[in-house]
Amino acid sequence: MQPIIKKQRNSNLELYRIIVMLLIVAHHSVFHSGVMEEMAQNPLCAKSLFFYVLGMWGRTGIDCFVLITGYFMCKSHITIQKYLKLLLEVIFYNIVVYSVFVAIGKQPFSVQELLWAIFPFREITGMFVPCFLLFYLFIPYLSILVSHIDKKLHVRLVMLCLCIYTMTVTLPQFQVAMNHVSWYCVLFLIASYIRNYGLLPSVSTQKWGGITLLCMVLSIVSVVCVVYFDMRLGKDTPPYKYVSPSGICAVLTSVSSFMYFKDLKMKNSRFINMIAASTFGVLLIHDNSAVMRLWLWQEIFHIKSIYTLDLATAVFMMILTILAVFIICILFDMLRKNTIEKYILNQINKKL
């Protein structure tokens, strides 16, 4: 019997994965802390603009995360072991977080809530994790689709999907109800096209970096403009309208940044790869439930109090908070991977 050879991860995309997860944590620190209500009182002051910019990259980050998945999985096979590993990780954190909050009195025990923790598909409207788990089941069929169409049909399919999901969301008079599972399928189509055919081969890695910076600036301008015109005209447009998952700025930034990191030349780093392997665990821990969000951002770190500090101190404290949440979650997930997951996966492999 030949030993199983594990494919070494590309540290450039693993570094990208780490940066993306940090941006997602930053988004949650603003979006779920209640501080946006305080920011709305004086939206154009320097401190409010900093918080708006800090919290604006979460949806773009999700797009980046799914692009990475699509890029690798369009050439891979999803096995029962792979899906069970992903599913059991989600269930494990759901049960652990729920049990901890019951134990410390943050929420009452309920058999129904415990069962919902074991069955992680309670809400698939906007929550990333259940939508991602369902999207994962579509990957084998999407892989067959992209392997049986030529380059021209692939382009047409991507453009059709972007017209429906991105252009209509961007235009002010159109109303589009976002379905995240199908949007992740669109991102898979984009990522698989990049994997199979490349994207603008004449554009160098350095130029993709410049394009990424330009797209980020446009994203920031879009948020500032929405906030400005809302205040002047008395409207109530979501500040992150154009950096929503299928928003034009989010799509351009995620694709251009992915292209930059995909071809970035750097040595493989065991440390970067090890940290990146636990980034999904960071998401599962810190954004596990409404109770977790309330406890983490409003009770433990109290982001509203940080907002009342002077700008320099607030910037420092927010960076420190985001790094602290990220590092603690990484350490906890590493502990899980090297103890419980290793034992459970060994048992599953024996059975299968």
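Treat the numbers as computed from the prediction; the structure is a model and nothing was measured. (Residues numbered from 1 in each chain as written. Predicted model: local features only at pLDDT ≥ 70, side-chain atom pairs only at ≥ 80, totals over all residues. Heavy atoms only, no water.)

S.K.: Explain the pattern of salt bridges to me, please; I cannot follow it from the model alone.
M.R.: When charged atoms on two side chains of opposite charge get close, those side chains can pair. All told, the structure shown has six salt bridges when counted by the stated rule. The residue Arg336 makes a salt bridge to Glu89 at a minimum N-O spacing of 3.3 Å. Here Arg336, found in helix H16 (residues 311-351), pairs with Glu89, found in helix H5 (residues 80-103); they are 247 residues apart in sequence, far enough to count as distant. Of the two residues, Arg336 and Glu89, both sit in the buried class. The salt bridge involving Lys106 is made with Glu299; its shortest N-O contact spans 2.7 Å. You can see Lys106 sitting in the loop between H5 and helix H6 (111-118) and its partner Glu299 sitting in helix H14 (residues 290-300), a full 193 residues away along the chain. (Salt bridge = Lys/Arg side-chain N within 4 Å of Asp/Glu carboxyl O. Helix = DSSP H or I, 4+ residues; strand = E, 2+ residues; numbered from the N terminus. Buried < 20%, exposed > 50% of the residue type's maximum accessible area, 1.4 Å probe, protein only.)

S.K.: Can you help me understand the nonpolar core in this one?
M.R.: Taken as a class, soluble globular proteins show a tendency for nonpolar side chains to be buried jointly. Counting residues in hydrophobic clusters, the biggest one holds 93 residues, and the most contacted among them are Phe51, Phe128, Phe135, Tyr184, Ile190, Phe258 and Phe280. Of the residues forming this core, the biggest block, 11 residues, is contributed by helix H9 (residues 180-197). Not counting chain neighbours up to four residues away, the residues in contact with Tyr184 comprise Ile62, Val66, Phe128, Cys131, Phe132 and Phe135. (Core = buried A, V, L, I, M, F, W, Y, C linked by side-chain atoms within 4.5 Å. Contact = heavy atoms within 4.5 Å.)

S.K.: I keep staring at the packing of H5 against H6 and nothing clicks. Help me out?
M.R.: Helix packing geometry: the angle between the two helix axes and the distance between the axes. Axis separation between H5 and H6 bottoms out at 8 Å; the angle between their running directions is 155°. Judged on the interaxial angle alone, H6 and H5 are roughly antiparallel. Each of Ile91, Asn94, Ile95 and Tyr98 in H5 lies in contact with H6, whose residues at this interface are Glu113, Leu114, Ala117 and Ile118. Along the lines of polarity and charge, the residues of the contact of H5 with H6 split into six nonpolar, one polar and one charged. (Axes fitted to C-alpha atoms, helices over the stretch in contact; angles between N-to-C directions. Parallel < 35°, antiparallel > 145°, perpendicular 65-115°, else oblique. Nonpolar A, V, L, I, M, F, W, Y, C, P; charged D, E, K, R; others polar.)

S.K.: Just to check I follow, could you spell out a nonpolar patch on the surface for this structure?
M.R.: A surface patch of nonpolar side chains, amounting to about 350 Å² of accessible area, comprises Leu88, Ile340, Tyr343 and Ile344. Mapped onto the elements, Tyr343 comes out in helix H16. The class for Tyr343 is exposed, based on a relative accessible area of 55%. (Patch = residues over 30% accessible without salt bridge, like charges linked within 9 Å, V, L, I, M, F, W, Y side chains within 5 Å. Areas by Shrake-Rupley, 256 points an atom, 1.4 Å probe, with all protein chains shown as cover.)

S.K.: Help me understand H5 in this model?
M.R.: Because an α-helix packs 3.6 residues into every turn, residues spaced three or four apart end up facing the same way. In this model H5 runs 34 Å from its N-terminal to its C-terminal C-alpha over 24 residues, within 8% of the 34 Å that 1.5 Å per residue would give. Taken residue by residue, H5 has Tyr83, Leu86, Leu87, Glu89, Val90, Ile91, Phe92, Tyr93, Asn94, Val97, Tyr98 and Phe101 as its buried positions. Count one or two residues on from H5 and you reach Gly105, which has phi positive near 80°. (Expected span 1.5 Å × (residues − 1).)

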